[in-house]
Structure formats: structure tokens, C-alpha cells
Amino acid sequence: MSSLHNDSIKSNSEKQIVLNLSPSPSLSPRDRARILRKIDWHLLPFVTVFYLLSFLDRANVGNAKVAGMATDLKLTGFKYNIAAAVFFIPYSFAEVPSNIALKLFRPSRWIPSIMVVWGVVMTLMCLIRSYQSLVVARAFLGFAEAGLVPGVNYYICLWYPRSERSKRIAIFFSSASLAGAFGGLLAYGIERMEGVGGLHGWQWIFCLEGIATVLVAILSFFYLHDYPETAKFLTESERSYIVDVLKQDSNNLSSRFDTRFIWQAIKDYKIYVQILIYLGLLVPGYAIALFSPTIINELGYSAANAQLLSVPPFAAGCIATIIFGIYSDKHNLRGPYIIGGALVSLVGYILLYCSVRAGPSYVGACLAAAGVYPTVAIALAWVGSSAGGDLKRGVALAMVIGLGNLGGICSSFIYIDPPRFHIGHGTIMGFLSLAIIMSLFAMWDYNRLNKKKEAQCLAENIGEDRGYEFEDMGDDSPLFR
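Treat the numbers as computed from the prediction; the structure is a model and nothing was measured.

## Points about the overall build of the protein chain
At step 1: Broken down by element type, the protein chain carries 20 helices and zero strands.
At step 2: Among the 481 residues that make up the protein chain, the fraction classed as buried is 60%.
At step 3: By sequence separation, contacts in the protein chain at least 24 residues apart represent 82% of the contacts at least 6 residues apart.
At step 4: Element-wise, carbon and sulfur atoms account for 67% of the exposed surface of the protein chain, whose accessible area totals about 18200 Å².

Below you can see the structure in the form of C-alpha cells.
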């Protein structure tokens, strides 16, 4: 990674994409940090728990499979793969409409509402008795969960300047790897409820985790805050400061609802580059979530031990996600951290591919998770920082997350050749390579565009005082870096 961290890239490319705001002259850096911490304590605990529950509910099918669901529902051949994959079809295509709805409705109403819906679906999955009902339930679950990840990423963008987002998105996304670890522990305990109430242990996994989602969603109706302008936990001066900082950070770009900004996002080639980066990272991420218990089970461990041994890789991913997010913001860099994490994960998959012994293979699984999970949060911070204007940013995030999540379909069908899983591991290495190549291209392209805008500003004497002229141009504005 150090070879990519040169002064040219740092000064001309990504550092300009995630410009650090100078502290307001009326507030000291300590006061600025105090206000941001205040926002953190009122926002991050909720959104982090939201995503933990979301990832737990979508990935617990992997734990249920090992806990006996595959036998009870006769999931032979590709049946489990189809049940895992069907989630991602409605999930991917419902994300853009959901973020547009979030712009039209209040976050404190929209986000908890979709949580109640998917929590009810998850709870009712305990009544599944056949493969067909599993497929239908997974499809409804994907549709209901679709709005959360793009919605929360957009929500974070409404509260924090670009230079402060990566670590917050990293904390939010760390709950995905935490969910993987927590899910293994929960499954280990819950499956011992076999026979209670006439349900199998794997059915209790669905039931109890779904009920937890509904309870948290109902609570969040009353405690989730909408916007800085209406935040009651901030004083008048604090609200004014945050609103001014966000306005400065957006280069005075428009925040109103207009369909032209939706089309700006759809026609922007840079967003499709980010989709390919995200796709290259998400296929490995979902493969780990859906198949790590199975992979560990095939290494020779019992089903119960496989549940427990799936915990350390996810715990490593959680810790790495937070560390990468902090230093990504500190250095104002995105691409090099994505490339570095992808390379670590690549090493892990090479170990999994080549090793015939359980010990090195398990180390490879830990490296694979620790490398890829941090990159997902940083990639989304990069998207949010490089898309200009509130609505375009919301649509861009939904496009990247939605189309990128189609990679979950691929993840569901590549682990088909136990016990070595060469097809799966080899495919993942290809997707990680795609993410590295497209990140290098994006860094070069942002550098090129920023130099072009700087030259235009110098030639035409464009300064911040003319910002109103470009408020509808999004990130094409010559003032946007």
C-alpha cells in the first residue's frame, strides 16, 4: 500500500475529493470535536445496531443451514444457493426508490418502518416447512431490507462533512462483521432450543432474531433524529455551526428535490466505476458471510465448532474496519486503503486456495475477512464524498449499493465444490483484482478531473463568491473537488 501513497496522488487526487474543512473561526477545534462527538452519541449507536440486525437477519441462513435446515428442508443440489441468492434480486432493485422516498419522507419514519417490515418477515420465517416457502420468504426479506444500507449512508452524509464520514461509515459497517461473529455465537446457543415449542433449533434462530429487530425498530421511532436543522439535542449555536459547515462542504450545491439530479447520477460514468469497485469487494464479503460456517465445517470441524470458529474471522474484520476508517479520514485517502485491504484479503484467499491443512486455511479465512470488510465502508465513503448535491449523492449511493449487491447472487453460487472450494476461492480472487484495478483507475481519473477544474477556475477567475452559478451542476461544478 505504501507504494501507492505518493505525494502526487495524495495532494491532487483523493485529498481533494475529501477536503478537510478549516474549523470555523468562531469555534476552536476542541469545540468542533465536541459537537461532532455529541452527534455521534445520538446517531451512531442506533444506525450501528440497525445494520447489525440487518446483516444478522440476511446472513443467518448460513448458520441455519449448518444447524440442520439443509437436512430438514431437503436442500439438495443448488437449492440452498438459490435460497441464498433470491434475496439479492429485490434487494438490489428496490434501493434507488427507497433512497428517493427517504428524501421525500423523514428518516425517523422511513427507516424504522422498513425495519418493522423485515423484522416481521424474519420472525415468520420460523414457520417455514419447505424449500419453496424458504425461497419466497428470502425474496420478501430482500425487498424489505433494501432501503437500510443506502438509507443510512445517505443519512450520515446529511449530518457530517466529507472529511468526517469515513470513520462513521466504518463504525456503521463494522457491525456487519460483528454480526457475523455474534451470529455464530447466537446460533451455537439458540440451536440448543431444538424441539422447544415444536420448532427446530434453526427455526428459533429466525424467530428470536426477527423479534429483536422489531423491538429495536419500534424504539427507534421515538429516538431517531431527522436532520441537523431540527435536532433537539443540539443548541441553537451548535445547529447553526453544523448547518454552515455542511453548506460549505457541499460547495453551495443545491439540496432541493429535482428529477434532473436523479438523471445526473444515472448518466455519470464515475458512478459506474464505483459500482465495479463495490462489486469487486462485495462478492467476497457476502461469500464470507454466507459460507464461512460451511467452509470451516469442511475443514474437518464439527457443525457446532464451525459455528464458534466462524467468530474470529468476523471479529478480525470488525476491528480492521474501525482502524481503516479512522486512518482513512486522518489521511484523507480512500483508494489506497481499498487497495491495501483487498491485497490482504487476496493473500487470505490464496492461502485458502493452496493449503491442504486446516490451520493455514483457517488463517486464510481470518485474513480474507480482515482485509475485505474494511474496504466496503471506505468505498461507500468515497462514493458519498465524490457525488455532489444531496439528491445525486443519495441516488449514487443507492445505485452503487443496489447494483453492487447483485454480486450477492454470484456469491451464492460459487461455493459448489467442497471440500477445497477452488471455484469459489478462485472467483473471489478475480473480483478482488477487479476492485484493485478499478480503484487505481478512479484515483487517476479524479486526479485528472481536479486538475482540469483547477485550470478552469484559474482561467475564468472562478471563486467561492460565484458558487451560486453552479449550484445545479453537482460534482461537475468547477468548484467541487
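## A short note on the pattern of salt bridges
Note that side chains of opposite charge can pair when their charged atoms are close.
At step 1: Under the counting rule described, the total for this entry stands at 13 salt bridges.
At step 2: Among the ionic pairs, Arg34 bridges to Glu238, the shortest N-O distance being 2.8 Å. Note that Arg34 is positioned in helix α2 (residues 29-72) and Glu238 in helix α11 (residues 236-249), a separation of 204 residues in sequence.
At step 3: On the accessibility criterion, Glu238 (5% relative accessible area) is buried.
At step 4: The residue Lys38 makes a salt bridge to Glu238 at a minimum N-O spacing of 3.0 Å. Within this pair, whereas Lys38 is found in helix α2, its partner Glu238 is found in helix α11, the two being separated by 200 residues in sequence.
At step 5: Judged by its relative accessible area of 24%, Lys38 falls in the partly exposed class.
At step 6: Here the residues in one salt-bridge network are Arg32, Asp40, Glu164, Lys167, Arg168, Asp329 and Arg334, joined through shared partners.

## A few points about the nonpolar core
At step 1: One finds Ile39, Met69, Leu148, Trp159, Phe173, Tyr278 and Tyr349 to be the most contacted residues of the largest nonpolar core, which totals 133 residues.
At step 2: Element by element, the count of residues in this core is highest for α2, at 17 residues.
At step 3: Sequence-distant contacts of Tyr278, that is, excluding residues within four places in its chain, are made with Phe173, Val376, Ala379, Leu380, Val400, Ile401, Gly404 and Asn405.

## Digging into unusual backbone geometry
Trans is the common state for peptide bonds, and a negative phi is the common state for residues other than glycine.
At step 1: Of note, Lys74 is a non-glycine position whose phi angle comes to about 55 degrees, a positive value.
At step 2: Note on placement: Lys74 falls in the loop between α2 and α3 (79-85).
At step 3: With a phi close to 55 degrees, Asn332 is a non-glycine residue in the positive phi region.
At step 4: Among the secondary structure elements, Asn332 is positioned in the loop between α15 (311-331) and α16 (335-354).

## Re the packing of α16 against helix α17 (residues 358-386)
At step 1: One way to put it is that α16 packs onto α17 with a least axis distance of 7 Å and a crossing angle of 160 degrees. The orientation of α16 relative to α17 falls into the category roughly antiparallel. Between α16 and α17 lies a crossing of left-handed hand.
At step 2: In the contact of α16 with α17, the residues fall into 17 nonpolar, eight polar and no charged.

## A closer look at the environment of Val395
At step 1: Mapped onto the elements of the fold, Val395 is located in helix α18 (residues 390-404).
At step 2: Since its relative accessible area comes to 2%, Val395 is described here as buried.
At step 3: When residues no more than four places from it in sequence are discounted, the contact partners of Val395 are Val96, Ile100, Ile262 and Ala265.

## What about helix α20 (residues 422-460)?
Since the α-helix turns once every 3.6 residues, residues separated by three or four places project in the same direction.
At step 1: Its 39 residues place the ends of α20 57 Å apart at the C-alpha level, agreeing with the 57 Å of an ideal helix rising 1.5 Å per residue.
At step 2: Within two residues after α20, Asn461 carries a phi angle of roughly 55 degrees, on the positive side.

## Regarding the confidence of the model for the protein chain
At step 1: Averaged over the protein chain, the pLDDT score is 80; the fraction of residues at 70 or greater is 82%.
At step 2: For the protein chain, per-element mean pLDDT is lowest for helix α1 (residues 7-17), which scores 39, and highest for helix α6 (residues 107-124), which scores 93.
At step 3: Counted against residues more than four places away or in other chains, residues 1-25, with its pLDDT under 50, gives 63 contacts.

## Re the side chain of Gln203
At step 1: Structurally, Gln203 can be placed in helix α10 (residues 201-223).
At step 2: Judged by relative accessible area, which is 1%, Gln203 ranks as buried.
At step 3: Once you skip the residues sitting within four places of it in the chain, Gln203 turns out to touch Cys126, Ile128 and Arg129.

## Things to note about a nonpolar patch on the surface
At step 1: Among the surface-exposed residues, Ile89, Phe93, Trp263, Ile266, Tyr272 and Leu403 lie close enough to one another that they form a single nonpolar patch of about 590 Å² accessible area.
At step 2: For the nonpolar patch, the secondary structure elements donating two or more residues are α4 (88-93) and α12 (259-266).
At step 3: Structurally, Ile266 is set in helix α12.
At step 4: Looking at Ile266, the relative accessible area reads 31%, which means it is partly exposed.

## Section: the packing of aromatic side chains
At step 1: Counted under the stated rule, the structure contains 12 aromatic pairs.
At step 2: Judged by centre distance (6.0 Å) and plane angle (10 degrees), the rings of Phe105 and Trp110 are stacked.
At step 3: Taking relative accessible area as the criterion, Phe105 reaches 48% and is therefore assigned partly exposed.
At step 4: In this structure Trp110 comes out as partly exposed when scored by relative accessible area, which is 24%.
At step 5: Ring geometry for Trp202 against Phe206: centres 6.0 Å apart, planes inclined by 80 degrees, an arrangement best described as edge-to-face. With Trp202 and Phe206 both in helix α10 and four residues apart, this pair spans about one turn of that helix.
At step 6: For Phe206, a relative accessible area of 0% corresponds to the buried category.
At step 7: When the ring centre of Tyr80 is taken as origin, the NZ or CZ atom of Lys65, which lies over that ring, is 5.1 Å away.
At step 8: A cation over an aromatic ring shows up here: Lys270 above the ring of Tyr269, its NZ or CZ 5.4 Å from the ring centre.

## Description of the environment of Glu236
At step 1: The topology assignment puts Glu236 in helix α11.
At step 2: Classification of Glu236 by relative accessible area gives exposed; the value is 57%.

## Structural notes on the environment of Gly407
At step 1: Note on placement: Gly407 falls in helix α19 (residues 407-413).
At step 2: The exposure class of Gly407 is buried, given its relative accessible area of 3%.
At step 3: Apart from residues lying up to four places away in sequence, Gly407 is in contact with Leu279 and Val283.

What counts, and at which threshold
- Residues numbered from 1 in each chain as written.
- Predicted model: local features only at pLDDT ≥ 70, side-chain atom pairs only at ≥ 80, totals over all residues.
- Heavy atoms only, no water.
- Helix = DSSP H or I, 4+ residues; strand = E, 2+ residues; numbered from the N terminus.
- Buried < 20%, exposed > 50% of the residue type's maximum accessible area, 1.4 Å probe, protein only.
- Contact = heavy atoms within 4.5 Å.
- Areas by Shrake-Rupley, 256 points an atom, 1.4 Å probe, with all protein chains shown as cover.
- Salt bridge = Lys/Arg side-chain N within 4 Å of Asp/Glu carboxyl O.
- Core = buried A, V, L, I, M, F, W, Y, C linked by side-chain atoms within 4.5 Å.
- Axes fitted to C-alpha atoms, helices over the stretch in contact; angles between N-to-C directions.
- Parallel < 35°, antiparallel > 145°, perpendicular 65-115°, else oblique.
- Left-handed = near helix turned anticlockwise from the far one by under 90°.
- Nonpolar A, V, L, I, M, F, W, Y, C, P; charged D, E, K, R; others polar.
- Expected span 1.5 Å × (residues − 1).
- pLDDT = per-residue confidence, 0-100.
- Patch = residues over 30% accessible without salt bridge, like charges linked within 9 Å, V, L, I, M, F, W, Y side chains within 5 Å.
- Phe/Tyr/Trp six-rings, centres within 6.5 Å; stacked < 30°, edge-to-face > 60°.
- Lys NZ or Arg CZ within 6 Å of the ring centre and 35° of its normal.

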